[in-house]
Each structure stands twice: as structure tokens, then as C-alpha cells.
Amino acid sequence: MAEFDYDLFVIGAGSGGVRAARLAAELGARVGVAEEYRIGGTCVIRGCVPKKLLVYGARYAGEFEDARGFGWTCEDLRFDWATLIRNVRREVDRLNGAYTRTLENAGVDRFLARASLETPHVVRLAGRDDTLSAKTILVATGAHPFIPNLPGREHLITSNECFELEALPERIAVVGAGYIGMEFASIFAGLGVAVTVLYRGEQILRDFDMDLRDGLAEAMRNRGVNLRMNANVAAVEKDGGAYRVQLKGGDCVTTDLVMAATGRVPNGSGFGLQQIGVKLGWNGHVAVDEFSKSSVENIYAVGDVTDRMQLTPVAIHEANAFVETLFNDNPTPVDHSFVPTAVFSEPELGTVGFTEGKAREMCRQVDVYKSRFKPLRATVSGRDEKMLMKLVVDAETDKVLGCHVLGGDAAEIVQMAAIAVRLGATKAQFDATRALHPSAAEELVTMRQRWEPPAPVAGSDAAA
Ligand code: FAD
């Protein structure tokens, strides 16, 4: 008789949990997984995938506008939200089925229930009298949207509810200007909703490169999104069928829907972790080492619940490394260097490596190459929007430390550039690469001119 029911029990069947469960089972482990909502997790059910499909849907608005310059007549255009959301939900259902079959085919036992831990080896599933035991536990419970604690917070929806909307509002206020806020602002604006973004900071997308932040803010404003910075929400009140968003300082925004895009909190509490000695970090994340091991010997955690980088490929990488370490006799620490990421706003933004600001903190001398240009397509479409490309280079080693792109296909471009950046390519090697012409991305291998910060003007603050 085996000492435990399972070699591995995974709590949460999202990006990290499904990957770890499948790989461990394929290596011969007896694996069980519990999921309290839907197999596939955030990315598949109410994150990356349905979001990107909505992005595609919303982008047709700009495409139709641009088509006119190319001779197309686009009259009597109408958009039907019910069709879009129905088709998106159908794809989500398909993926939910595909992920379920993946686990099934790998021989993983699936439990559609909330799991909690009674001891480091004993799992209780909601709705069942018995318990299950496992040698190793993997916590892959993800994160949930954070709603600020302000009067009227019950009126706010989050990204979760955006996928449940049966009709589009005429106006929406998006509170927060991180990537989820910017993406949904662009989606709603593209679909004809009047969007106001309210953010307490100075500029959108904190932590991204400053040129991209400024460039995207300008482009979104030109596309009709009302971006209000230094706007601190004090309260939200229901006013008949509408809402009044009260700002600190007295101003007020009236709208039909208010979305909180104010960050995501790791799901580290409420299922027994602390009670059995697992240490949680400042925002409730499971604190882990480089092998994703928690403070309890047999309990590991991967993905958003560890709050290292809340991205799907990161959760998957951590799951891969965890399985290699524990089930393939190959200790593999996680590697979070040079993870590319995108904001699927309109226009889109892609980025990998150091921002200019970070590079200036880390290196003695930094060279910056920047190109801001009108893409070929815009010469005929007439769209007044510039594309921005930027390389951040360590002047001492000539290594490209960061690549930042704002404009069409930025995510696709940066995914490829990320290979070179990760391999430590130098600026000279970028330059030695032949351009693919005519493309926007060729700009990345033809930027010869270093960008110099403007010289301080005598007598100004900058010169002091
Ligand atoms: P999840 O995928 O969240 O899975 C955790 C699962 O655990 C959930 O299904 C949950 O129901 C379950 N669970 C929680 N507690 C329990 C319990 N006690 N018992 C049983 N089950 C439990 N990332 C990208 O890389 N690119 C993107 O474009 C992108 N877009 C996003 C857009 C939105 C709107 C959101 C919200 C996220 C987006 N992300 C994106 C982030 C990405 O979805 C997450 O980083 C990823 O899903 C994390 O995977 P995970 O396995 O850690 O957690």
C-alpha cells in the first residue's frame, strides 16, 4: 500500500497547475488536481485568451477607418456585442474542454471543488466527507482582482465581469492604468463606448519605459480615450441607472459602468496555508525559493500566487522547472530574466529587458537608440500615429539590454527580438543583421544614430 493517495496534489487548474499536473503524470507520478471554478484558469477562461479575442474584435474599428484611404467604402457599419461575446465564450468553452481532456489523457484525477489543506499532506475538498493525502502539494491558485476599499466599492466591476456583460454601456470609467486597464480601455473605445480612465499617478503603465508610456498615452488620447491622470477616486455612488465617480478634490465623473483595474491579489489565504506553517508575503503571496519551494518542506507554489511575475508563460515556466526538479531528478531553478511582455492596447506595445531608467540605474554608461516614424501603411491610410522603437544598450559591453516597441504588431516584433536580447546580442550584431524590407521591424536593425538627451539650457533647473 502506498503511503499517500497521490505523489502530487495540485490546487488550482490554471496555466501553472495544468502544466505541472500533466508533466508530472507523464513522468509516472500519481497526480490529482482540484479546481474550484473552471479548468484552464484565468488565462483561458477570463484572461489572456478571451481578452485578446475582444482586442481583435475592437480593432476592426480602426481597420475600417484605415481602409478608406485604400479605396474601400465602409458604410452602414454596425457592431453587435452579443455576437462577439457569444463567439468568444464558445472558444473559451472549447479550450476548457481541451484542457480537461489534456489532464484526462495524462491520467490526472480531477476534482471540481475548492481544496483546503488540513495538514501539509492532507487535502480536504469542499462537499466531500473524506480527505485525500499527497506526498507533495503544489499550490497554483492564481490571483484575483483587487478592488480598492472605498465607499461604493460594491458598484465596481472587474475584468472578470467584463466577460459576462450582456450589453455594452454607453460610457465606462476605468479606474487604474496598468496593462489590464489600458487593454480594456482600448477594447471598449474600439467598440464605441465613451471611455474615461482615472488614475491617481502621473502617467499610465508604471514600470514600463517612459517613452512608451508617453507615446501610448498620446496615441490613446488621439483615439478618443479620455485619460485623466492625478485622478484619485474617493467614492462611487449609484445615481439612477448611472454612477457618479467622486474624485478627491471635488470633481465628479458620471458614467454607466465603473471598472476597477487596480491590480491583482495572490490567492494565498482562506484554504489553510498559514495554519499549517506556510509563510505568506506582504500581499498574501506564497513566499518561495528559486525552486518554488515554500517554507514547508513538501509544499511548493507556482504562478500568480507567488507574485513573481503575473504572466502565463512565467507560470508555465515555473511549473516546468518544478516538475524537472521534483519528478525528473533535474534541479532547475526558475529564470525570470528577459521575459518579454505586451500591452494589447490600441496601439499595441511590446517590451523586453531593461527600461532606459532601469538601465541608467544599473550600468555606468547607457546608449539609447530611438526611432519615431510614420509606418508605411499610415502614409496611405492617413492615420496620424507614429510608431516608436527603442533600444537600450550597455555602452561598455555594447549589449542590447532592452527593446521597446509601440505600434502595430509590437508584441509579435518583440517576441522575436527577445531571442536576441536574451542571448546577449550586441548592438553591432543587431546592425549586422540584414533588414527585412519593407517592414516596421527593420527599424530595429537600422538604427545607427544614438539618441542624446537634450543638452541642459544654461540657467535652467536642469543645468543646476
Ligand atoms: P490561474 O490561471 O489564475 O489559475 C488558478 C486557478 O486556481 C483558478 O482556476 C482558480 O479557480 C483556482 N483556485 C484558486 N483557489 C483554489 C482552491 N482553494 N481550490 C481549488 N481551486 C482553486 N498573462 C499573459 O501572459 N498575457 C496576457 O495577455 C494576459 N492577459 C491577462 C488579462 C486579464 C484580464 C487577466 C486577469 C490576466 C491576464 N494575464 C495575462 C495573466 C495570466 O492570466 C496569469 O498570469 C495566469 O493565468 C496565472 O496562472 P496561474 O496558474 O498562476 O493561475
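Here the structure is a predicted model, which means the values were calculated and not measured. (Residues numbered from 1 in each chain as written. Predicted model: local features only at pLDDT ≥ 70, side-chain atom pairs only at ≥ 80, totals over all residues. Heavy atoms only, no water.)

### Description of the nonpolar core
Leu-54, Met-182, Phe-188, Val-197, Ile-204, Leu-227 and Met-259 are the most contacted members of the largest nonpolar core, which totals 48 residues. Of all the elements in the fold, those that place two or more residues in this core are helix H2 (41–46), helix H3 (48–69), helix H4 (81–105), strand S8 (171–175), helix H6 (179–190), strand S9 (194–198), helix H7 (210–222) and strand S17 (341–343). Here this core gets six residues from one element, more than from any other, and that element is H4. With sequence-adjacent residues up to four places away left out, Leu-54 is seen in contact with Trp-81, Leu-84, Ile-85, Val-88, Phe-163, Phe-184 and Ile-187. (Core = buried A, V, L, I, M, F, W, Y, C linked by side-chain atoms within 4.5 Å. Buried < 20%, exposed > 50% of the residue type's maximum accessible area, 1.4 Å probe, protein only. Helix = DSSP H or I, 4+ residues; strand = E, 2+ residues; numbered from the N terminus. Contact = heavy atoms within 4.5 Å.)

### Topic: the packing of aromatic side chains
Under the counting rule described, the total for this entry stands at nine aromatic pairs. On the basis of an interplanar angle of 70° and a centroid distance of 6.1 Å, the ring pair of Phe-322 and Phe-327 is categorised as edge-to-face. Through successive ring pairs, a cluster of aromatic residues spans Tyr-6, Phe-9 and Phe-111. (Phe/Tyr/Trp six-rings, centres within 6.5 Å; stacked < 30°, edge-to-face > 60°.)

### Here's the deal with the site of the ligand
Near the ligand lie 36 residues; those nearest to it are Gly-16, Glu-35, Thr-42, Lys-51 and Asp-304. Here Ser-15 contributes a backbone N or O atom positioned 3.2 Å from an oxygen atom of the ligand. In the model, an oxygen atom of the ligand is placed 3.0 Å from a nitrogen or oxygen of the Thr-312 main chain. Burial of the ligand by the protein amounts to 95% of the accessible area it has alone, namely 990 Å². Only helix H1 (15–26), H2, H3, H6 and helix H8 (312–327) provide two or more residues apiece to the shell around the ligand. The biggest single contributor to the shell around the ligand is H2, with four residues. The class makeup of the residues in the shell around the ligand is 16 nonpolar, 13 polar and seven charged. Each of domain 1 (6–145 + 265–327) and domain 2 (153–262) contributes no fewer than three residues to the shell around the ligand. (Near = heavy atom within 4 Å. Polar contact = N/O pair within 3.5 Å; in protein donor to acceptor, adjacent residues only side chain to side chain. Areas by Shrake-Rupley, 256 points an atom, 1.4 Å probe, with all protein chains shown as cover. Nonpolar A, V, L, I, M, F, W, Y, C, P; charged D, E, K, R; others polar. Domains from an automatic or database assignment.)

### As for the pattern of salt bridges
Summed over the entire model, instances satisfying the criterion amount to 36 salt bridges. Residues Glu-183 and Lys-51 are paired through a salt bridge, measuring 2.8 Å at the closest nitrogen-oxygen approach. Here Glu-183, found in helix H6, pairs with Lys-51, found in helix H3; they are 132 residues apart in sequence, far enough to count as distant. A single burial state applies to Glu-183 and to Lys-51, both of which are buried. For Arg-223, the salt bridge goes to Glu-346, with nearest N and O atoms at 3.6 Å. A residue pair is termed long-range when its members are at least 10 positions apart, and Arg-223 in the loop between H7 and strand S10 (226–228) and Glu-346 in the loop between S17 and strand S18 (349–353) qualify at 123 residues. Shared partners join several salt bridges into a network, and the residues in it are Asp-209, Asp-211, Glu-356, Arg-360, Lys-370 and Lys-390. (Salt bridge = Lys/Arg side-chain N within 4 Å of Asp/Glu carboxyl O.)

### A word on the sheet that holds strand S19 (residues 366–373)
Remark on secondary structure: sheet strands pair via backbone hydrogen bonds, oriented parallel or antiparallel. In space, the six strands of this open sheet follow the order S17-S18-S21-S20-S19-S22, with antiparallel pairing throughout. Strand pairing shows two members of the sheet lacking a second neighbour, S17 and strand S22 (450–451), which therefore form its edges. Contacts between helix H11 (residues 410–422) and the sheet are confined to S17, S18, strand S20 (387–394) and strand S21 (400–406), with S21 contributing the most and set at about 175° to the helix. (Pairing = 2+ DSSP bridges. Axes fitted to C-alpha atoms, helices over the stretch in contact; angles between N-to-C directions.)

### Here's the deal with the sheet that holds S10
Strand order in the open sheet formed by four strands is S10-S9-S8-S14, and the pairing between neighbours is parallel. Looking at strand neighbours, the two that pair on one side only are S10 and strand S14 (258–260), the edges of this open sheet. Neighbour-to-neighbour, the strand axes of this sheet turn through a mean angle of 20°, independent of strand direction. Across three bridges, the pairing between S9 and S10 is parallel. Paired with Thr-196 across the two strands is Asn-226, which belongs to S10. The sheet strands contacting H6 are S8, S9, S10 and S14, and the helix crosses S9 at an angle near 165°.

### Brief notes about the domain arrangement of the chain
Its domain assignment divides the chain into domain 1 (6–145 + 265–327), domain 2 (153–262) and domain 3 (347–449). When each unit is reduced to the centre of its C-alpha atoms, the spacing between domain 1 and domain 2 is 26 Å. Residue-level contacts link 17 residues of domain 1 with 16 residues of domain 2. Where Glu-166 meets Arg-89, a salt bridge forms, and the shortest distance between an N and an O atom there is 3.5 Å. Where the side of domain 1 that touches domain 2 is concerned, the elements lending two or more residues are H3 and H4.

### Quick notes on the side chain of His-285
Assignment of secondary structure puts His-285 in the loop between strand S15 (264–266) and strand S16 (299–301). Overall, the relative accessible area of 14% leaves His-285 in the buried class. With sequence-adjacent residues up to four places away left out, His-285 is seen in contact with Pro-266, Lys-279, Leu-280, Val-305, Thr-306 and Asp-307.

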